[in-house]
Amino acid sequence: MKKFFSELSTNKKLAIFGFMLGLFALTAGNPYGGTSIKVNEKELALSTVGNSDKVLVTDLADWIIKAKADYELVDLRSEEKYSEYTIPNSQCIPIAQLPQSELFRNQKIVLFSDDNIDAAKAWFILKSKGYKGVYILDGGLDVWKEKVLFPKTPINGSEKEIAQFEKMKEVATYFGGQAQTDSSSTEIKQQISLPTTNLNSTQVTVPKGKKKKREGC
Amino acid sequence: MNAPFYKFNLFGFDVSLIIAFAIGIGFGFMLERGGFGSARILAAQFYLGNMRVLKVMFTAIVTAMLGIFYLSVIGYLDLSLIYVSNTYILPQVLGGLILGVGFVIGGYCPGTSMVAFSTGKIDGLVYVLGVAFGIFVFGEMFPMLEGFFNSTDLGKQTLPSFLGLSYGLVVFLVVVMAIGAFIAAEWSEKKFADRNPEKSI
């Protein structure tokens, strides 16, 4: 046996080695199995307490105006709601499709829905899949509308607050919204129609969120 | 640190280009050492007299497949992060035929034409210019071709998912297929030895 093996050419020895590896592969198990990630619950809990996993709507508005492009903005709502209104530069990935999405693990991902609940669920899904930079847009679209699209005049506000409001008025106009100068206009707010979604093609210079990264040869 | 390194952010985009350059140089060097800088050896593949291309390619496939499989099984490599391009069945069949015809006529594929050119072969240079011209024409015509280019999209297909077989079984079958191909290639090289350009060089 030993003599037979030593008489073989290197090519044949390598072929036998390859065949053995192939044969062993039959029982070696699923290659996708080894990649599941253990959830570090302590780390998750700490990032929630410190609010380090949240992005404020005003910060996001600032990023969009400054045309920052180092993050992916993900709208977790259904496609119908997405086509009605969404934040400029966002891509629509309904929460059920999130596990199959093409988001990369090394990307900074900002998630939002109407409120925080779905975004928090999605945050956990992605964290448990080993995504590193996942953030929640604090308050979701509800707070986005309230603070960015239709900000209200501060009642008896200090000078600083009023200056802040003046700035927000411009931001609201930028995103196609309108500041509410009359502080009692909560009912009117409901009637104001949301800006149309084609906003992002007219006002924002950044290309639309879905950047298809092409790879391969 | 787990693989793939780039997707786990071990290095940035700039460094990835340098690494790609180094890998490209290594790949070209290996192709040249394998004899792939000669159009006659490459074209002899189609006349069954010299099966070097088939042997090298199948060896590369089996080596990469076994490496990826076992590194994933032990949990070192995250297989779900390996890029799989979509399968567009009709455009890819047509593209494969065009590449094959060009391969028989010109004696090179795009990669080996670069290898031939870098070793100073004039036909390699002509081929590289032809590749560049083809890319230019394709780019200019792309709006007309785009519909066909994106047609018959089957999504991200792998052999295990397409055939419904376990990953390990597919690995085994490919290894068996490769060994069968090696045996057939050796036989064919003996049978059509008179067509082997290496004998006449």
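See the structure shown above.
Report follows, based on the coordinates. Just so we're clear, the structure is a prediction, and the values are computed from it rather than from any experiment. (Residues numbered from 1 in each chain as written. Chains lettered and ligands numbered in written order. Predicted model: local features only at pLDDT ≥ 70, side-chain atom pairs only at ≥ 80, totals over all residues. Heavy atoms only, no water.)

**A short note on the overall build of chain A**
Moving on, step 1. Along chain A, the regular secondary structure elements total ten helices and five strands.
Moving on, step 2. Taken across its 217 residues, chain A has 36% of its residues classed as buried.
Moving on, step 3. Sequence separation of 24 or more characterises 67% of the internal contacts of chain A that already satisfy a separation of 6 or more.
Moving on, step 4. As displayed, chain A has an accessible area near 13,100 Å², and 57% of this comes from carbon and sulfur atoms. (Helix = DSSP H or I, 4+ residues; strand = E, 2+ residues; numbered from the N terminus. Buried < 20%, exposed > 50% of the residue type's maximum accessible area, 1.4 Å probe, protein only. Contact = heavy atoms within 4.5 Å. Areas by Shrake-Rupley, 256 points an atom, 1.4 Å probe, with all protein chains shown as cover.)

**So, helix H7 (residues 140-149) of chain A**
All names here are of chain A.
Moving on, step 1. Here H7 has its buried residues at Gly140, Leu141, Trp144, Val148 and Leu149. Buried positions in H7, seen along its axis, are confined to an arc of 110 degrees and lie on one side of it.
Moving on, step 2. The secondary structure elements touched by the buried residues of H7 are helix H4 (57-65), strand E4 (108-112), helix H6 (116-128), strand E5 (133-137) and helix H8 (159-174). (Arc of directions from axis to C-beta.)

**Here we look at the environment of Ser72 of chain B**
Residue and element names in this part refer to chain B.
Moving on, step 1. Mapped onto the secondary structure, Ser72 falls in helix H3 (residues 52-73).
Moving on, step 2. By relative accessible area, which is 0% here, Ser72 ends up buried.
Moving on, step 3. Between the C-alpha atom of Ser72 and that of Ala3, which follows or precedes it by 69 residues, the distance is 9.2 Å.

**Details of the sheet that holds strand E3 (residues 90-92) of chain A**
Residues and elements named next belong to chain A.
Moving on, step 1. The five strands lie next to each other as E1-E5-E4-E2-E3, forming an open sheet whose pairing is parallel. Edge positions in the sheet fall to strand E1 (54-55) and E3, since each has one partner strand and no second.
Moving on, step 2. When E1 meets E5, the two strands line up parallel, connected through two bridges. The partner of Lys54 across the bridge, within E5, is Ile136. (Pairing = 2+ DSSP bridges.)

**Brief notes about the packing of H3 of chain B against helix H8 (residues 167-191) of chain B**
Helices that pack against each other are described as a pair by the angle of their axes relative to one another and the distance between those axes.
All names here are of chain B.
Moving on, step 1. Where H3 meets H8, the closest approach of the two axes is 10 Å, and the angle between their N-to-C directions is 160 degrees. Taken together, H3 and H8 sit at an angle that is classed as roughly antiparallel. Considering how the two elements wind past one another, H3 and H8 form a crossing that is left-handed. Between H3 and H8, the residues in contact are Arg52, Leu54, Lys55, Phe58, Thr59, Ile61, Val62, Met65, Leu66 and Phe69 and Tyr167, Gly168, Val171, Val174, Val175, Met177, Ala178, Ala181, Phe182, Ala185, Glu186 and Glu189, respectively. (Axes fitted to C-alpha atoms, helices over the stretch in contact; angles between N-to-C directions. Parallel < 35°, antiparallel > 145°, perpendicular 65-115°, else oblique. Left-handed = near helix turned anticlockwise from the far one by under 90°.)

**Here's the deal with the interface of chain A and chain B**
Moving on, step 1. At the junction of the two partners, chain A supplies 22 residues and chain B supplies 25 residues.
Moving on, step 2. Here chain A and chain B share an interface that buries about 2,300 Å² over both sides, 67% of which is from carbon and sulfur atoms.
Moving on, step 3. Inspection of the chain A/chain B interface yields zero salt bridges.
Moving on, step 4. Here chain A and chain B share two residue pairs in polar contact (both at pLDDT 80 or more) between them.
Moving on, step 5. When grouped by side-chain class, the residues that make up the side of chain A that touches chain B number eleven nonpolar, seven polar and four charged. (Buried area = accessible area lost by both parts, 1.4 Å probe. Salt bridge = Lys/Arg side-chain N within 4 Å of Asp/Glu carboxyl O. Polar contact = N/O pair within 3.5 Å; in protein donor to acceptor, adjacent residues only side chain to side chain. Nonpolar A, V, L, I, M, F, W, Y, C, P; charged D, E, K, R; others polar.)

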